[in-house]
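So you can see what is in the structure, the chains are spelled out below.
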Amino acid sequence: MPDTVRVPLGDRSYDVVVGSSLLGNCAESIGEVLGKPRLFVLFDEAVALPWAQQVMDSLSTAGFAFDHVSVPSGEKSKSVAEISRLWEMMAQRAFTRDTTLVAVGGGVIGDLGGFLAGSYLRGIPFVQIPTTLLAMVDSSVGGKTGINLQAGKNLVGAFWQPALVLADIDTLSTLPIEEFRSGMAEVIKYGVIRDPDLFSWLEQLGPNPAAADLTRIVHRSVQIKAEVVSGDERETTGLRAILNFGHTLGHAIEAEGAYSAFRHGEAIAIGMVAASLLALKRETGWSSDDHSRLEKLLKQSELPTSLPKGYSARRLIDRTRVDKKAVSGQVRYILPTSLGSVKFVKGVDENAVLSVLHEIGAAPE
Ligand code: NAD
Ligand code: GLY
């Protein structure tokens, strides 16, 4: 039986369905929520077979009218050029407001497809069918959509909530192991920011969870994300920003590695270790035992916990100044106070950050 998490957002509320064998019956699930609209199915070329095909087979059998397009895999598709190609394609195919977009793929396709849906004709409904662990536990839920500019990642976008999310655990069977681990970093993050029981359970589970455990992992992560997002949909009260634990330095590490040295979750894993060390320095209540447990769990999940040679502490700090959470040039960190709880800290002493960066392997300059 699939597990369903409701994301309560008034008239923008929706269900996230988590389970197995969901794609083969996706037409029924889509029909229940949206009736029988014309559909535009957008999918990552890497999931054409078997996953996008399963979606389209289900839609064909149920008699849906749909068009489809495949998008090249990878971050480069979150671009002005790619969305422009898709806008023109939708217009040429005369898609009207009664169209629903279905995005099948990881966070790249979800972010791109979500922004396409949010912007085409000033907004059409969309369905997320995430096929990576990261997309299931994070990017498909909460309505952040967008594309990258030359100047930086996710600089153009919109909040545009999906009408339905179908997280089919079966799709993870073809996901490369490194991508799976990258998603696990976000799961571990949920344990630290909100759920000590999830954290302890992950410690016992080991690096290769069975399908039933995976369903539970995704379900609990989505519950946490839904709680946070419904309390602060547009990141105005500060609550949603707790999801960025490990991301201030993590984003800087990703950018310094030119977005190719580390996957997102790998950079976040190192960022979480840095934030954890910073919390110890700031005496937030976070203990050295908590720190050791975090480092051990990341290692057990085969995620990096320190930087390789060649990263400059100074350059990383410079990069944090353009972080989207910086306000009036002041960098803000989300620091743990105990397992399951974090706080927002501004005015962190730069020397403390430098010292932490040295501890995790950055060069002094
Ligand atoms: P991704 O979409 O690039 O997928 C990772 C890789 O896995 C790609 O090569 C893809 O082709 C492949 N892939 C996807 N599903 C597969 C499957 N089932 N089997 C085999 N291969 C598969 O990356 P991602 O990690 O899913 O997402 C990263 C993106 O998400 C970034 O652009 C990031 O900015 C964004 N993001 C958005 C949010 C949000 O709230 N909107 C949150 C976190 C991350
Ligand atoms: N991934 C962070 C957020 O959705 O706010």
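Shown above is the structure to which this text applies.
Undergrad: How should I be thinking about the site of ligand 1 in this particular structure?
TA: Near ligand 1 you find 25 residues, and of these Asp44, Lys78, Gly107, Thr132 and Thr174 are the closest. Between ligand 1 and Thr171 there is a distance of 2.9 Å, counted from a nitrogen atom to a backbone nitrogen or oxygen. Here ligand 1 has 870 Å² of accessible area as a free molecule, and 87% of this is covered by the chains. Tallied by class, the residues present in the shell around ligand 1 amount to 7 nonpolar, 9 polar and 9 charged.

Undergrad: Can you help me understand a nonpolar patch on the surface in this one?
TA: A cluster of nonpolar side chains, Val80, Leu149 and Leu155, forms an exposed patch at the surface whose accessible area comes to about 230 Å². Within the secondary structure, Val80 is located in helix 3 (residues 80–92).

Undergrad: Sorry if this is basic, but what is going on with the pattern of salt bridges here?
TA: It is possible for side chains of opposite charge to pair when their charged atoms get near one another. For the structure shown, the criterion picks out 25 salt bridges. The partner of Lys225 in a salt bridge is Asp138, with the nearest N and O atoms 2.6 Å apart. Remark: Asp138 occurs in helix 5 (residues 133–139) and Lys225 occurs in helix 8 (residues 211–231); sequence separation between them is 87 residues. Asp138 matches Lys225 in its accessibility class, with the two residues each being buried. Ionic pairing is found between Arg315 and Glu256, a salt bridge with its closest N-O pair at 2.8 Å.

Undergrad: It is not clear to me how the site of ligand 2 should be interpreted in this structure. Could you clarify?
TA: Lining the immediate surroundings of ligand 2 are Asp138, Lys144, Lys225, Glu235, Arg240 and Leu243. In this structure, an oxygen atom belonging to ligand 2 sits 2.5 Å away from a side-chain N or O atom of Lys225. A distance of 2.7 Å separates an oxygen atom of ligand 2 from a polar side-chain atom of Arg240. Alone, ligand 2 offers 200 Å² of accessible surface; in the complex the protein occludes 86% of this. Across the shell around ligand 2, the residue classes break down as 1 nonpolar, no polar and 5 charged.

Undergrad: Help me understand the pairing of strand 10 (residues 332–338), please; the structure alone is not making it clear to me.
TA: Two faces, one strand: in a regular strand the side chains alternate between the faces of the sheet. For strand 10, a buried count of 5 out of 7 residues is recorded, marking the element as mostly surrounded by other parts of the structure. Relative to strand 11 (residues 341–346), strand 10 is paired through 6 bridges, and the arrangement is antiparallel. Paired with Leu335 across the bridge in strand 11 is Lys343. The antiparallel pairing of strand 10 with strand 11 creates a hairpin that spans 2 residues between the two strands, and Gly340 there sits at a positive phi of about 105°.

Undergrad: Looking at this structure, I do not really get the pairing of strand 6 (residues 126–130). What am I missing?
TA: Across the 5 residues of strand 6, 5 count as buried, placing the element largely inside the fold. Residues Phe126, Gln128 and Pro130 point to one face of strand 6 and Val127 and Ile129 to the other, with burial holding for every one of them. When strand 5 (residues 99–105) meets strand 6, the two strands line up parallel, connected through 5 bridges. Bridge assignment links Val104 to a residue of strand 6, and that residue is Ile129. Read from strand 5 through helix 4 (residues 107–119) to strand 6, the crossover connection turns out right-handed. Pairing between strand 6 and strand 9 (residues 164–168): 2 bridges, direction parallel. Looking across to strand 9, one finds that Gln128 is bridged to Val165.

The rules we used
Residues numbered from 1 in each chain as written. Chains lettered and ligands numbered in written order. Predicted model: local features only at pLDDT ≥ 70, side-chain atom pairs only at ≥ 80, totals over all residues. Heavy atoms only, no water. Near = heavy atom within 4 Å. Polar contact = N/O pair within 3.5 Å; in protein donor to acceptor, adjacent residues only side chain to side chain. Areas by Shrake-Rupley, 256 points an atom, 1.4 Å probe, with all protein chains shown as cover. Nonpolar A, V, L, I, M, F, W, Y, C, P; charged D, E, K, R; others polar. Patch = residues over 30% accessible without salt bridge, like charges linked within 9 Å, V, L, I, M, F, W, Y side chains within 5 Å. Salt bridge = Lys/Arg side-chain N within 4 Å of Asp/Glu carboxyl O. Helix = DSSP H or I, 4+ residues; strand = E, 2+ residues; numbered from the N terminus. Buried < 20%, exposed > 50% of the residue type's maximum accessible area, 1.4 Å probe, protein only. Pairing = 2+ DSSP bridges. Right-handed = clockwise from strand over helix to strand, strands pointing away.

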